[in-house]
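Observations on the three-dimensional arrangement
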Amino acid sequence: MGTAQPALTGPDLTGPALSVAATAGPAEVVPVAFIGRTSTLMQDPVASLRRQVRKSKAWLPAGFKIVAWYWDVESGGLDLDQRSQGSNWQAAAGAGIPRDGGMADLLRAARSPEPPFAFVICEDIERSARDNYNSLKLERRLRDEGIAIFATDEPFSIQGVNATTILVRRVKQGVAEWYRLQLKEKVWEGLKEHNYDGWNIGPVPYGYTAERHTHPNPMKAATGRTKTRLAVDPVRGPIITQIYRWRVTDQLGVPTIRARLNADPAAYPPPDPVKGWTLAGLYKILANPKYTGYQVLGRTHITGPTRRVEVPPEQWIWSREATHPALVSKDMWDAAQRISAARGNVQDAEQPKTRTGRRYRYRGRLWCKICKRRMRGVTRTTPHAPKPASYTYYQCPHDPAARAHAAAYPDHPNVMISEKALMAATAGFFTQYVFGPNRAAMLKAQLPADAKQEAARRAQLAKRLDQQLAKNEAAQQALITGLEFPADPGDPAAAALRERIRARYRELHTEQKTLEAQRDQLDTVTTEVQDPALLDTLPILGDILTGAPAGLAEQLFEAFHLQAVFSKEHRQVTIRVTITDATPDAVARLRADTRVTLDKQRERDFEEGSSSWSYSSDDQRAPAKLPPHFIPELPPTTQQAHSQATAQATQ
Ligand SMILES: [Zn+2]
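Residues numbered from 1 in each chain as written. Predicted model: local features only at pLDDT ≥ 70, side-chain atom pairs only at ≥ 80, totals over all residues.

Turning our attention to the overall build of the protein. Assigned secondary structure in the protein consists of 16 helices and 18 strands. Looking at the 651 residues of the protein, the share that counts as buried comes to 26%. Here the analysis covers contacts within the protein between residues at least 6 apart in sequence; of these, 71% occur between residues at least 24 apart. (Helix = DSSP H or I, 4+ residues; strand = E, 2+ residues; numbered from the N terminus. Buried ≥ 20, exposed ≤ 12 C-beta atoms within 10 Å, placed from the backbone. Contact = placed C-beta atoms within 7 Å.)

See the structure below:
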C-alpha cells in the first residue's frame with residue numbers, strides 16, 4: 001500500500017510523510033489509534049517501537065491519521081487484563097514517540113461514549129498479544145465498540161476487516177502458536193521416531209534375545225552398524241510369564257518368587273549364574289514394560305553423569321504398536337504395577353521365617369493411626385515370670401527422642417499393641433462381619449459412611465492438586481516470558497541463562513504432567529465397584545480364627561488383603577478386608593486345611609495359657625472388648641483392578 005518509507009527522525013511522527021503514500025481515500029481525516037508493544041527483554045526497545053510506528057504509518061491509506069498512541073514495554077504473555085500496569089515504558093519515553101497510555105488505556109478509550117479513534121493499527125497481530133486467546137479477546141472487545149483492528153501485513157479494506165483478512169490472521173495466529181509449542185516438542189520427536197519403529201534401545205531384557213538387523217541408514221550400515229529387535233528366548237521367555245503369573249495371579253511376594261526360582265536353577269536359569277535370582281533383579285523384571293511387546297522410551301531422565309531420575313509412567317513414550325512378541329499381556333503388566341505399589345512388605349505364608357520364632361502375622365498390614373506409618377513386630381520376654389514366656393507386640397516406629405520425629409508429631413506417645421489383642425479383635429471381626437449370619441446387614445450400614453468419607457477425602461485432594469497446578473502454570477508462564485526474545489548469540493552469559501530457564505521449564509513441565517495425571521486419576525478412580533453380593537459367596541463359618549495356627553491366619557489375611565489401623569487413643573483397631581472373585585476359592589482351600597490342624601493347635605494353646613493380653617508395657621489393663629464405633633481411616637490403597645468388587649467393614 002504505502003509507497004513511502006520515511007525514516008523517523010524526530011518527535012514529529014505525525015508529520016506529512018504518509019499523506020503522499022496513497023492515491024485515494026475519504027475526504028475527511030479518519031482518526032486511527034496506534035497500538036504497539038515491545039518486550040522488556042529486547043536489546044533496543046526504542047528501535048522496535050520506531051519500526052512498528054513506521055510500518056503502521058506506511059500502511060495507512062491517505063486520509064487515515066494516527067491521532068492516539070498506545071504502547072507498552074512489557075511481555076505479550078501477560079493476560080490482557082494484566083497489561084499496562086508497570087512503568088517499563090518510561091525506558092522508551094525519550095524515543096520521541098507520543099504516548100497516550102498503554103493497552104489498558106486503549107481499551108478504556110474504546111469503551112468511552114465518544115472514542116477518539118475509528119480504527120486501531122498494529123504492526124502485527126501477534127504483537128498485540130502473544131497467544132491466540134488474548135489477541136482474540138482484544139479483537140472482540142474492540143469490535144464490541146464498533147472498532148476494527150488492522151495489521152500492517154494484512155490487506156486494507158474500508159469496510160473493516162474482511163473474511164480473507166480474518167482467515168489470513170487466524171492462520172498466522174495458529175502458526176505462531178504452533179511454532180511455540182512445537183519448539184518444546186521437537187527434541188523428543190527424533191527419539192520418539194526411533195522408538196515408534198520398534199528398534200530396541202538399551203540392554204536386551206531377560207527372556208528375549210537380540211535379533212540384529214542391518215542399519216536402515218546406508219552410511220551407518222556401511223560401517224557395520226546394526227539395529228536390534230527383540231525375539232523371544234525359548235527357554236527364558238516362559239520364565240518371565242511364570243514370574244508375572246506368580247506375582248499377579250497368585251499374589252506372591254517377590255522374596256517368595258525369588259526362593260522358588262533359586263530352588264531350581266536348571267528350570268529357571270538365573271540372569272547371573274553367580275548371584276542367582278536377586279530381589280532387585282526381580283523388581284526390575286516386574287517393572288519392565290517391554291515385556292508387553294511394546295518399545296517404551298523415556299522411563300528415566302538423565303540429570304547428571306551418574307544420576308538418573310525416574311519419570312512417571314504416564315510420560316513414558318510407548319511405540320505405536322507392538323514391535324516384538326509379548327511375554328505378558330498389558331493387563332497383567334498393569335496389575336503387577338498396582339501390586340508393587342499397594343502390597344508393601346507383607347510376608348507370604350510360604351516364605352520361610354528369617355529367624356526362628358520371629359514370625360509376625362500383621363507384618364506390613366498394621367498402621368499407626370497417629371502417624372500413618374506401618375507398625376513393626378517386636379518380641380518381649382518376661383524373665384521374672386514364674387515360667388519365662390515371650391510375647392509378640394507391634395510398635396509404631398515413632399521415636400520421641402529423635403528430633404525429626406518429635407517435630408513431625410509432637411504429642412505422639414509410645415504406641416504398642418500385643419499380637420494377641422490384635423488377633424482377638426481380628427477373630428471377632430471375621431466372626432461377625434465376614435462369616436457371621438448378620439454380615440449383610442452390617443455391611444449395608446457401613447457402605448454409605450465409607451462412600452461419604454471417601455468423597456470428602458477426594459475433594460480435599462482435588463483442591464490441593466488444583467492449587468499446585470495453578471502455581472505450576474504461573475511459574476511456567478513467567479519462564480516463557482523470559483524466553484520470549486532471542487538472546488544475542490555472541491553473549492555466553494545470556495545463552496547460559498536461557499539454558500537454565502529452559503531446564504527449569506522442563507522440570508516444571510514434568511511436574512505439571514505428574515500433577516495432571518494424579519488429577520485425572522482422581523476423576524476416574526471410582527472404578528472400584530462396591531458389590532455387597534460378593535459377601536454372599538462366602539460360607540457362614542462363625543469363628544474360624546480363634547486358635548488357628550499362624551500359617552493359616554496369615555493365609556486368611558492374604559486372601560482378604562487385610563489391613564488394620566491401630567488407634568491408641570480410642571484403644572481401637574480398624575480392620576479392612578477386600579473380597580474379590582478369587583476369595584471364595586481361597587477360603588475353601590483354607591477350610592480344608594484348618595479342620596486338620598485346628599484341634600491340635602487348640603490343645604497346644606490350652607497348655608500355654610493365654611491370660612496375658614496387654615496393649616503396652618506401661619498399660620497392663622486387659623480390655624475385654626474394643627469400642628464398637630468406626631474409624632474407617634486407612635492409608636490410601638491402589639484401586640482394585642477390573643471388575644473386582646470390594647466389601648469393607650470395620651470394627
Ligand atoms: Zn505412629
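From this point, things continue past the structure.
Our next topic: the sheet that holds strand 12 (residues 376-381). One open sheet accounts for three strands, arranged 12-13-14; its pairing is antiparallel. Edge strands, defined here as strands with exactly one partner in the open sheet, are strand 12 and strand 14 (416-418). Each strand of the sheet is rotated relative to its neighbour by a mean of 35 degrees, with strand direction disregarded. The sheet contact formed by strand 12 and strand 13 (residues 390-395) spans six bridges and is antiparallel. Residue pairing for strand 13: Gly 377 is matched across the bridge by Tyr 394. Across the sheet, helix 12 (residues 419-434) lies against strand 13 and strand 14, angled at about 70 degrees from strand 14, the strand it touches most. (Pairing = 2+ DSSP bridges. Axes fitted to C-alpha atoms, helices over the stretch in contact; angles between N-to-C directions.)

Tyr 394, Leu 422, Ala 564 and Phe 566 are the most contacted members of the largest nonpolar core, which has 41 residues in total. The set of elements that each furnish at least two residues to this core consists of strand 11 (366-368), strand 13, strand 14, helix 12, helix 15 (550-559), strand 16 (563-567) and strand 17 (572-576). Apart from the residues lying within four places of it in its own chain, the contact partners of Leu 422 are Tyr 362, Tyr 394, Ile 417 and Val 573. One finds Val 53, Trp 71, Val 73 and Leu 138 within the second-largest nonpolar core, a separate group that totals 34 residues. (Core = buried A, V, L, I, M, F, W, Y, C linked by C-beta atoms within 7 Å.)

What follows concerns unusual backbone geometry. Not every positive phi belongs to a glycine, and Gln 251 is a case in point at roughly 55 degrees. Secondary-structure assignment places Gln 251 in the loop between helix 7 (237-248) and helix 8 (254-262).

It should be kept in mind that the predicted coordinates are not to be read in detail where pLDDT is low. Looking at the protein as a whole, the pLDDT averages 73, with 70% of positions reaching at least 70. Within the protein, the element-level pLDDT minimum falls on strand 18 (residues 645-646), averaging 32, and the maximum on helix 7, averaging 93. Low pLDDT, under 50, characterises residues 353-357; the predicted model gives this stretch two contacts beyond four residues in sequence or across chains. (pLDDT = per-residue confidence, 0-100.)

Relative to the helices and strands, Asp 100 resides in the loop between strand 2 (64-73) and helix 2 (103-111). Along the sequence, Asp 100 and Val 67 sit 33 residues apart, while their C-alpha atoms lie 9.6 Å from each other. Residues within four places of Asp 100 in sequence aside, it is in contact with Ala 68, Trp 69, Tyr 70 and Asp 105.

What follows deals with the sheet that holds strand 4 (residues 148-151). With parallel pairing, the four strands of this open sheet are ordered in space as 2-1-3-4. For this open sheet the edge positions go to strand 2 and strand 4, each flanked by a neighbour on one side alone. Strand-to-strand twist across the sheet, computed as the mean angle between neighbouring axes with direction ignored, equals 25 degrees. Sheet topology places strand 1 (residues 30-38) next to strand 2; nine bridges connect them, and they run parallel. The partner of Ile 35 across the bridge, within strand 2, is Tyr 70. Packing of helix 1 (residues 45-59) onto the sheet brings it into contact with strand 1, strand 2 and strand 3 (119-122), and relative to strand 1 it is tilted by some 150 degrees.

Neither face of strand 3 is exposed, since Phe 119 and Ile 121 on one face and Val 120 and Cys 122 on the opposite face are all buried. Examined bridge by bridge, strand 1 and strand 3 share three bridges and lie parallel to one another. If you follow Ala 33 over to strand 3, its bridge partner there is Val 120. Pairing between strand 3 and strand 4: four bridges, direction parallel. The residue of strand 4 that forms the bridge with Val 120 is Ile 149.

Below, the discussion takes up the packing of helix 8 against helix 9 (residues 279-287). For the pair helix 8 and helix 9, interaxial distance at closest approach is 10 Å and the crossing angle is 110 degrees. Comparing their axes, helix 9 and helix 8 come out roughly perpendicular. Where helix 8 approaches helix 9, its residues Val 254, Pro 255, Ile 257 and Arg 258 are matched on the opposing element by Leu 279, Leu 282 and Tyr 283. Taken together, the residues that form the contact of helix 8 with helix 9 break down as six nonpolar, no polar and one charged. (Parallel < 35°, antiparallel > 145°, perpendicular 65-115°, else oblique. Nonpolar A, V, L, I, M, F, W, Y, C, P; charged D, E, K, R; others polar.)

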